[in-house]
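Take a look at the letters that make up each chain.
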Amino acid sequence: MKNDLHLVCPHCQSINRVPTAKLSEHPNCGRCQQPLFTGEPIELTTATFSRHVERSDLPLLVDFWAPWCGPCKMMAPQFQQAARQLEPRVRLAKVNTEAEPHLAAQFGIRSIPTLALLQGGGENARQPGALVVHDIVRRVSAHLRPQPMQGLLGVNIILLPAFNLAAVGEACVRVPA
């Protein structure tokens, strides 16, 4: 596991290096002093999207939505609750497809809401349709890459997310990077 992670500040967009051991201690941005995690999804635009995808070491769960979409409105509070449960392991973000049609086209969004899990510069999973909070958390946890850790005597061990067992037999769409 990396000792330090690079995180993009949701307020000033600066890149912060944070020790992994300090993630749960509510770290602040070194530049603007605002919290790096707010427990709320962040709004991304064409101007900020690539910075969060390319420069942050955290997985990014993006909700592609539109203001006129009924299912999007129903899922919004569920997505917000998922942010509180998944941070600081995952950054949650929203992209308004009406305001950012270029991003929707870039990802081939055909229906909304659509959730896309981006990790390591590529898309790891996609889920169209509205979900409730426990389904969002379960699906994201099932797709997180295992994190190697240094065990006793220098042996590397792999920790799997606890929800992996619940996802056995589920299908997901994987898009090549």
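Residues numbered from 1 in each chain as written. Predicted model: local features only at pLDDT ≥ 70, side-chain atom pairs only at ≥ 80, totals over all residues. Heavy atoms only, no water.

## Observations concerning the state of the cysteines
Test applied: Any two cysteine sulfur atoms lying within 2.5 Å of each other are counted as a disulfide. Exposure classes here rest on a 1.4 Å probe applied to the protein chains alone. A residue is buried below 20% of its type maximum, exposed above 50%, and partly exposed in between.
On inspection of all chains with the given rule, the structure shows zero disulfides. A disulfide-free cysteine, Cys9 has its sulfur positioned 3.6 Å from the sulfur of Cys32, the nearest such atom. On the basis of relative accessible area, Cys9 is assigned to the buried category, the value being 0%.

## Regarding helix H2 (residues 70-86)
To be explicit about the condition: Secondary structure is summarised from DSSP: a helix means a run of H or I of at least four residues, a strand means a run of E of at least two, and numbering begins at the N terminus for each. The span expected for a helix works out to 1.5 Å for each residue beyond the first. Note on bend: at a given residue it equals the angle between the axes fitted to the 7 residues ending there and to the 7 starting there. Every residue pair with non-hydrogen atoms within 4.5 Å of one another is taken to be in contact.
Helix length check: H2 (17 residues) gives 24 Å between terminal C-alpha atoms against 24 Å at 1.5 Å per residue, within 8%. Remark: the principal bend of H2, roughly 35°, maps to Ala76, with a proline, Pro77, within the next four residues. Regarding H2, the residues found buried are Cys72, Met75, Phe79, Ala82, Ala83 and Leu86. On the buried face of H2, the contacting elements are strand E4 (60-65), strand E5 (91-96), strand E6 (114-119) and helix H4 (133-143).

## As for the pairing of E6
The side chains of a regular strand alternate, residue by residue, between the two faces of the sheet. Quick reminder of the rule: Strands are labelled as partners when DSSP assigns at least two bridges between them.
Among the six residues of E6, six are classified as buried, and the element is accordingly described as predominantly covered. Here E6 shows two buried faces, one formed by Thr114, Ala116 and Leu118 and the other by Leu115, Leu117 and Gln119. Of the pairings in the sheet, the one linking E4 to E6 comprises five bridges and is antiparallel in character. By the bridge assignment for E6, Val62 is matched with Ala116.

## Topic: the confidence of the model for the protein chain
Rule in force here: Across the chain, each position has a pLDDT score giving the predictor's confidence in that residue, from 0 to 100.
Per-chain confidence: the protein chain averages 84 in pLDDT, with 80% of residues scoring 70 or above. Note that residues 147-177 has pLDDT below 50 and, in this model, 38 contacts with residues that lie over four places away or in other chains.

## As for the sheet that holds strand E3 (residues 42-43)
Definition in use: To get an axis, a line is fitted to the C-alpha atoms, and for a helix only the part in contact is used. The angle between two axes follows their N-to-C directions and goes from 0 to 180 degrees.
The five strands are arranged E3-E5-E4-E6-E7 in an open sheet whose pairing can be described as mixed. Both outer strands of the open sheet, E3 and strand E7 (122-128), are each paired with one neighbouring strand and no more. Of the pairings in the sheet, the one linking E6 to E7 comprises six bridges and is antiparallel in character. The residue of E7 that forms the bridge with Ala116 is Arg126. Contacting E3, E4, E5 and E6, helix H1 (residues 46-55) runs over the sheet at an angle of about 150° to E4. Packed onto the sheet, H2 meets E4, E5 and E6 and runs at close to 155° relative to E5.

## Looking at unusual backbone geometry
As a rule of thumb, non-glycine residues mostly have phi less than zero, and peptide bonds are mostly trans rather than cis. The linkage connecting Glu87 with the following residue, Pro88, adopts the cis geometry, with an omega of 5°. Tracing the backbone through its elements, the reader meets Pro88 in the loop between H2 and E5. Here the residue pair Ile112 and Pro113 is connected by a cis peptide bond, since its omega of -5° sits within 30 degrees of zero. Relative to the elements of secondary structure, Pro113 occurs in the loop between helix H3 (101-106) and E6.

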